[in-house]
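# Architecture at a glance
One-letter residues, chain by chain:
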Protein chains: 2
Amino acid sequence: MSLRYALLALLTARPLTAYDMAKQFSASVGHVWHAPDSQIYPELRRMESDGLVEARELTSGGRRTKREYRITDDGLVEFRAWADTPLDYQRERDVHHLKAAYLEWADPAAAREQLQRHLTFHSEQLQQWLAQRDGVLDRSNPTLAARLENSPAEEHERVVAFKAFAYEGLIERARTEVAWARRGIDLLDRLSGTAAEAGGDVEERRA
Amino acid sequence: MSLRYALLALLTARPLTAYDMAKQFSASVGHVWHAPDSQIYPELRRMESDGLVEARELTSGGRRTKREYRITDDGLVEFRAWADTPLDYQRERDVHHLKAAYLEWADPAAAREQLQRHLTFHSEQLQQWLAQRDGVLDRSNPTLAARLENSPAEEHERVVAFKAFAYEGLIERARTEVAWARRGIDLLDRLSGTAAEAGGDVEERRA
DNA sequence: CAAGTCATGTAACGCGTTACATGATTGG
DNA sequence: CCAATCATGTAACGCGTTACATGACTTG
């Protein structure tokens, strides 16, 4: 049910087509919430029949169908209600930590590679979130810019602050994961060093 | 498909009944991987028919059926293969950060309560993971104790090290979330302070 | 003898993923 | 004119959740 609110969130800034939303879900917003086209199109249809959004057909010249969605007043009410409602917290279920607990079962090289992937993945996430945060802070993010244009100036600070706050949480999380992966690689080094005694050269050194 | 490996992981330590596994999935292991009974029982049956585990019927006195599962050699092969295989990383999808980005839509009191919940939830998680980590380090964790009994002494260090490593990742993550929630509450204070000027007393102070 | 917990499941449902399908428009 | 991108979906499947169902054994 969260996709629905992610879509409403986007539409609180400005009207968009499903295609444009799908693009955003693969790019900027997609770093927080990803969804494939095949989920977005039907969900928008459902939201339309629930009266949360309304569509305007854009027949640009030819007979190309293109539907631009706009949030309705009911949609705004629904979105505010969602914003007010606390979410349930459920127990985390993290495969990566589960695997990490059993890395002694893996080949040391395979173990190292997996931690390296963890490091790489979260480093990239970190970079993207840093970029997003900056785009929010300097107001260059297009969705944010549109949003600010449609809202009174005295609210701008709050709007920007919460967006940045959200990204900063993700940034810190990514940093935590990166640090953890590094510690894991160090641990592997230490354990293999023990096993092989003063065995050989360390082939790679991380910055 | 991860439940399968979580179950195999448990069974690498010692044979267990589905009921005992279900209990562990609600308690100790459950902090890393939770699963309800209704998923565990059928999955074990499927694993049995796939030859990864085998069951021994324990008819203790009466005609009470009770099946104790043990991992097979095929199961061990499968588990090692899993341990060697890198996982796919998919984009995170975090409702809480999504909501945080739109907290300006929420009533300030509701926003505060949600951040407070975030803080509480992750504080509790933190406590439980710290306890788990300690139970691993001092080898008092029952599953770990059983595992160590069934493995040669020279491997004990590795076994313990990876379990502790996994929990430490979760510990750091929980700490990150706690810190983020605190920052969020501070942000709310700051913004409401701005809106209400030097408004009123701060009713609660966090340690 | 009643309440709790031991012990094992089935059924329905929903969100999300992957794969598949189609056709129009635009730019090189 | 061909490839990329615009634009919109359908279908099948799987994992996980919630609710429901049952009965035996144990402890106070």
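Residues numbered from 1 in each chain as written. Chains lettered and ligands numbered in written order. Predicted model: local features only at pLDDT ≥ 70, side-chain atom pairs only at ≥ 80, totals over all residues. Heavy atoms only, no water.

### With respect to the sheet that holds strand β3 (residues 67-71) of chain A
All names here are of chain A. In space, the 3 strands of this open sheet follow the order β1-β3-β2, with antiparallel pairing throughout. Only two strands of the sheet have a single partner each, and these edge strands are β1 (16-17) and β2 (53-57). Bridging between β2 and β3 involves 5 bridges; their strand directions are antiparallel. Residue Glu57 lies in a different strand from β3, and its bridge partner there is Arg67. (Pairing = 2+ DSSP bridges. Helix = DSSP H or I, 4+ residues; strand = E, 2+ residues; numbered from the N terminus.)

### As for the environment of A:Ser123
All names here are of chain A. Among the secondary structure elements, Ser123 is positioned in helix α6 (residues 108-137). Taking relative accessible area as the criterion, Ser123 reaches 26% and is therefore assigned partly exposed. Taking C-alpha positions, Ser123 is 6.4 Å from Val178, a pair spaced 55 residues apart along the chain. A distance of 2.7 Å separates a polar side-chain atom of Ser123 from the backbone oxygen of Leu119. (Buried < 20%, exposed > 50% of the residue type's maximum accessible area, 1.4 Å probe, protein only. Polar contact = N/O pair within 3.5 Å; in protein donor to acceptor, adjacent residues only side chain to side chain.)

### Notes on the pattern of salt bridges
All names here are of chain A. Scanning the entire structure with this criterion turns up 30 salt bridges over all chains. Here Glu48 and Arg67 are joined by a salt bridge, their closest N and O atoms 2.5 Å apart. On the criterion of sequence distance, the pair formed by Glu48 in helix α3 (residues 37-49) and Arg67 in strand β3 is long-range, its members being 19 residues apart. Overall, Glu48 belongs to the partly exposed group, its relative accessible area being 26%. A salt bridge links Glu113 to Arg117; the nearest nitrogen and oxygen atoms lie 3.0 Å apart. One end of the pair, Glu113, and the other, Arg117, are both in helix α6, 4 residues apart, so they sit about a helical turn from each other. (Salt bridge = Lys/Arg side-chain N within 4 Å of Asp/Glu carboxyl O.)

### Topic: the domain arrangement of chain A
Residue and element names in this part refer to chain A. With domains assigned, chain A is organised as domain 1 (2-84) and domain 2 (95-195). The three residues of domain 1 that bury the most area against domain 2 are Ala13, Arg14 and His31, which together make up 62% of that side's buried surface. Taken together, domain 1 and domain 2 are joined by 0 salt bridges. Where domain 1 touches domain 2, the interface holds 5 residue pairs in polar contact (both at pLDDT 80 or more). Across the side of domain 1 that touches domain 2, the residue classes break down as 4 nonpolar, 4 polar and 1 charged. (Domains from an automatic or database assignment. Buried area = accessible area lost by both parts, 1.4 Å probe. Nonpolar A, V, L, I, M, F, W, Y, C, P; charged D, E, K, R; others polar.)

### Quick word on the packing of aromatic side chains
Within this structure, the stated rule accounts for 12 aromatic pairs over all chains. Pairing A:Phe79 with B:Tyr102 gives two aromatic rings, centres 5.7 Å apart and planes at 80°, and the pair type is edge-to-face. Taken together, the residues A:Phe79 in helix α4 (residues 73-84) and B:Tyr102 in the loop between α5 (95-100) and α6 (108-137) connect one chain to another. By way of ring pairs, the aromatic residues A:Tyr5, A:Phe79, A:Trp82, B:Tyr102 and B:Trp105 are connected into one cluster. Positioned above the aromatic ring of B:Trp82 is the side chain of A:Lys99, whose terminal nitrogen or guanidinium carbon lies 5.0 Å from the ring centre. (Phe/Tyr/Trp six-rings, centres within 6.5 Å; stacked < 30°, edge-to-face > 60°. Lys NZ or Arg CZ within 6 Å of the ring centre and 35° of its normal.)

### Details of the interface of chain B and chain A
Facing the 72 residues of chain B at the interface are 72 residues of chain A. Both faces considered, chain B and chain A share a buried interface measuring about 7700 Å² in area, 65% of it formed by carbon and sulfur atoms. Summed over the three residues of chain B that lose the most area to chain A, namely B:Tyr89, B:Trp105 and B:Phe165, the buried surface amounts to 12% of that side. Its salt-bridge partner being B:Arg173, residue A:Glu177 comes within 3.0 Å of it at the nearest N-O pair. Counting across the interface, chain B meets chain A through 35 residue pairs in polar contact (both at pLDDT 80 or more). Looking at the side of chain B that touches chain A, the elements with two or more residues in it are α1 (2-11), α4 (73-84), α5, α6 and α8 (156-195) of chain B. Ranked by residue count, the leading element in the side of chain B that touches chain A is α8(B), at 22 residues. (Contact = heavy atoms within 4.5 Å.)

### Overview of helix α7 (residues 142-149) of chain B
Among all positions of α7(B), only B:Thr143, B:Leu144, B:Ala146, B:Arg147 and B:Leu148 are buried. Between a side-chain oxygen at the N-terminus of α7(B) and the backbone nitrogen of B:Thr143 the separation is 3.0 Å; the capping residue is B:Asn141.

### Things to note about the relation of the copies chain B and chain A
Screw-axis analysis of chain B against chain A gives a translation of 0.0 Å along the axis, an RMSD of 0.0 Å, and a rotation angle of 180°. Seen this way, the second copy is the image of the first under a two-fold rotation axis. Within chain B, B:Arg173 has its C-alpha nearest the rotation axis, a separation of 3.3 Å. The fraction of interface residues of chain B whose copies in chain A are also interface residues reaches 100%, indicating that both copies meet through the same surface. (Least-squares fit on C-alpha atoms with pLDDT ≥ 70 in both.)

### Re the packing of helix α1 (residues 2-11) of chain A against α3(A)
All names here are of chain A. Taken N-terminus to C-terminus, the directions of α1 and α3 make an angle of 80°; their axes are 10 Å apart at the nearest point. It follows that α1 is roughly perpendicular to α3 by the angle criterion. Contact residues: α1 offers Leu3, Arg4, Leu7 and Leu8, while α3 offers Gln39, Ile40, Glu43, Leu44, Arg46 and Met47. Taken together, the residues that form the contact of α1 with α3 break down as 6 nonpolar, 1 polar and 3 charged. (Axes fitted to C-alpha atoms, helices over the stretch in contact; angles between N-to-C directions. Parallel < 35°, antiparallel > 145°, perpendicular 65-115°, else oblique.)

### Notes on the pairing of β3(A)
All names here are of chain A. Of all 5 residues in β3, 4 are buried, a share of seventy percent or more. Note: β1 against β3, 2 bridges, orientation antiparallel. From the neighbouring strand, Thr17 faces β3, where its bridge partner is Glu68.

### Details of the environment of B:Glu172
Residue and element names in this part refer to chain B. Structurally, Glu172 can be placed in helix α8. By relative accessible area, which is 32% here, Glu172 ends up partly exposed. Measuring from C-alpha to C-alpha, the distance between Glu172 and His156 comes to 24 Å, with 16 residues separating the pair along the chain. Of the polar contacts made by the side chain of Glu172, one reaches the side chain of Arg175; its length is 3.0 Å.

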